Amino acid sequence: ACGDLATPGLPNQACGTAPVGDCNPPCGQGFVCGSLAGQPVCARSPWQLDIVPTEIMVNGSTGCSGGKDWFEILNLTADYLELKGCDLSDDNASNYSIDESVVVAPGEYLAMVQGATGCALEAPRHFCYGGSPNLNTGNDSISLSCGGKTIFDVPYGAAGEIQAPQSGASVQSKAGGGSLDAGTLLSPANWQNSCQVMNCGEKGTPSAPNSVCN
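Attention in this report is confined to the structure presented alongside it. Only a predicted model underlies this, so the values are computations on that prediction, with no experimental measurement involved.

Focus on the pairing of strand β1 (residues 32-36)
Stage number 1. Within β1, four of the five residues are buried, which leaves the element mostly enclosed by the surrounding structure.
Stage number 2. As defined by bridge partners, β1 adjoins strand β2 (residues 39-43) across five bridges and the pair is classed as antiparallel. Counterpart to L36 in the pairing with β2 is Q39.
Stage number 3. In textbook terms, the turn of a hairpin is the stretch between consecutive antiparallel strands, and for β1 and β2 this stretch comprises two residues, one of which, A37, has a positive phi near 55°.

Digging into the sheet that holds strand β7 (residues 95-97)
Stage number 1. Sheet architecture is open: four strands sit in the order β7-β6-β11-β12, paired in antiparallel fashion. Whereas interior strands pair on both sides, the edge strands pair on one side only; in this sheet they are β7 and β12 (149-156). Across this sheet, the average inter-strand angle for adjacent strands is 10°, counted without regard to direction.
Stage number 2. Judged from the three bridges that link them, strand β6 (residues 86-89) and β7 form a sheet pairing that is antiparallel. The partner of L88 across the bridge, within β7, is Y96.

Concerning the sheet that holds strand β10 (residues 126-128)
Stage number 1. Pairing is mixed across the open sheet formed by six strands, whose spatial order is β10-β9-β4-β3-β13-β14. The two strands at the open ends of the sheet, each matched to only one other strand, are β10 and β14 (191-193). Taken over all neighbouring pairs, the strand axes of this sheet differ in orientation by 30° on average, direction set aside.
Stage number 2. The pairing of strand β3 (residues 51-57) with strand β4 (residues 70-75) spans six bridges and is classified as antiparallel. In the sheet register, I51 faces β4, and the bridge partner there is N75.

Points about the nonpolar core
Stage number 1. Counting residues in each nonpolar core, the largest one holds 35 residues, and the members touching the most others are I56, F71, I73, L83, M112 and L144.
Stage number 2. Counting residues per element, the ones that place at least two in this core are β3, β4, β6, β9 (109-113), β11 (140-146), β12 and α2 (182-185).
Stage number 3. The dominant element in this core, judged by the number of residues it contributes, is β12, at four residues.
Stage number 4. Ranked by size, the runner-up nonpolar core spans eight residues in total, among them M57, W70, C119 and A123.

Examining the side chain of S141
Stage number 1. Checked against the element boundaries, S141 lands in strand β11.
Stage number 2. For S141, the side chain forms a polar contact with the side chain of D91, separated by 2.8 Å.
Stage number 3. The residues contacting S141, other than those within four sequence positions of it, are S89, D90, D91, L135, D153, V154, P155 and Y156.

A word on the packing of aromatic side chains
Stage number 1. For the structure shown, the criterion picks out three aromatic pairs.
Stage number 2. Plain terms: the ring middles of F71 and Y129 are 5.9 Å apart, the flat faces sit at 45° to each other, and that makes the pair tilted. In this pair, F71 is assigned in strand β4 and Y129 in the loop between β10 and β11, connecting sequence segments 58 residues apart. Each member of the pair F71 and Y129 is classed as buried.
Stage number 3. Taking the centre distance of 6.4 Å and the plane angle of 55° together, the rings of Y96 and F127 count as tilted. Remark: F127 occurs in strand β10 and Y96 occurs in strand β7; sequence separation between them is 31 residues. For the residue pair Y96 and F127, the accessibility class agrees, reading buried in each case.

Looking at the state of the cysteines
Stage number 1. The final tally for this structure, using the stated rule, is four disulfides.
Stage number 2. Put simply, C27 and C42 are joined by a disulfide, and their sulfur atoms are 2.1 Å apart. Around the S-S axis, the bridge from C27 to C42 shows a dihedral of about -90° and counts as left-handed. Taken together, the residues C27 in the segment before β1 and C42 in strand β2 connect sequence positions 15 residues apart.
Stage number 3. A sulfur-sulfur separation of 2.0 Å characterises the disulfide bridge that pairs C86 with C146. Between C86 and C146, the disulfide has an S-S torsion of 110° and is therefore right-handed. Of this pair, C86 sits in strand β6 while C146 sits in strand β11, and the two are 60 residues apart along the sequence.

Reading the values: rules and limits
Residues numbered from 1 in each chain as written. Predicted model: local features only at pLDDT ≥ 70, side-chain atom pairs only at ≥ 80, totals over all residues. Heavy atoms only, no water. Buried < 20%, exposed > 50% of the residue type's maximum accessible area, 1.4 Å probe, protein only. Helix = DSSP H or I, 4+ residues; strand = E, 2+ residues; numbered from the N terminus. Pairing = 2+ DSSP bridges. Axes fitted to C-alpha atoms, helices over the stretch in contact; angles between N-to-C directions. Core = buried A, V, L, I, M, F, W, Y, C linked by side-chain atoms within 4.5 Å. Polar contact = N/O pair within 3.5 Å; in protein donor to acceptor, adjacent residues only side chain to side chain. Contact = heavy atoms within 4.5 Å. Phe/Tyr/Trp six-rings, centres within 6.5 Å; stacked < 30°, edge-to-face > 60°. Disulfide = S-S within 2.5 Å.

Structure representation (C-alpha cells):
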C-alpha cells in the first residue's frame, strides 16, 4: 500500500498475476486489488483526465514495434490506476476491451502497443492491446473509457489539433516540470516531433519522460 514492492512479516508471494482479494491489508472503498510487476497493489479506476496520452507513434518500423502503432499514457494522480474493464477506441470505431489487470503507478508513463502476440517495444514498461484500435497516419483520435465514462478523447492530425506523427518519429507533448496537468499536456501548441533516437533507430521515448526538442 505504501508503494514499495515487499511482503514484510507475511509469506512471500510468487511474482505472477495477483488474484483479486490478494492485497494485505485489504483495499479501501473504491479501490480493487490489481497487479503491478507481479505484485498486488490497491488501485482504482481512473476518472476524467486522471490519465492522458503524451506520445503517439503510427506504424512504427519493423525493428521497433513490428510495424505497429503505439502511444504513451501518463498517470497524473497520486493513486495507482487500474485499467481492467476499460476500453480503447479511435475514430474508426475499432476498439479493445482490457480484460486483465493493467495498473499504472502514480506519475508513471506506460506505452500501449498494438499487437496481440509477439508484441515488443524498446520501453521500460509496455502493454500489448491487440489488433485494434488501428490508428490512421493522417488524422484519428485516441480514446479511453472506463465504466461507460470517457477518461480522455484526444484527436490528432486536423487543424487546431495535435499534429500527426511523421514517418520514423513519434509526436509527443513537450510540457513537463511543474506543468504536468491535463490541460497543458494536451494543448496542441505543446506538442512536437520527437528528437531522441531509440536504439532501434526511430525517434521516441516510450514509457519515459519526453524530451524537449526546441
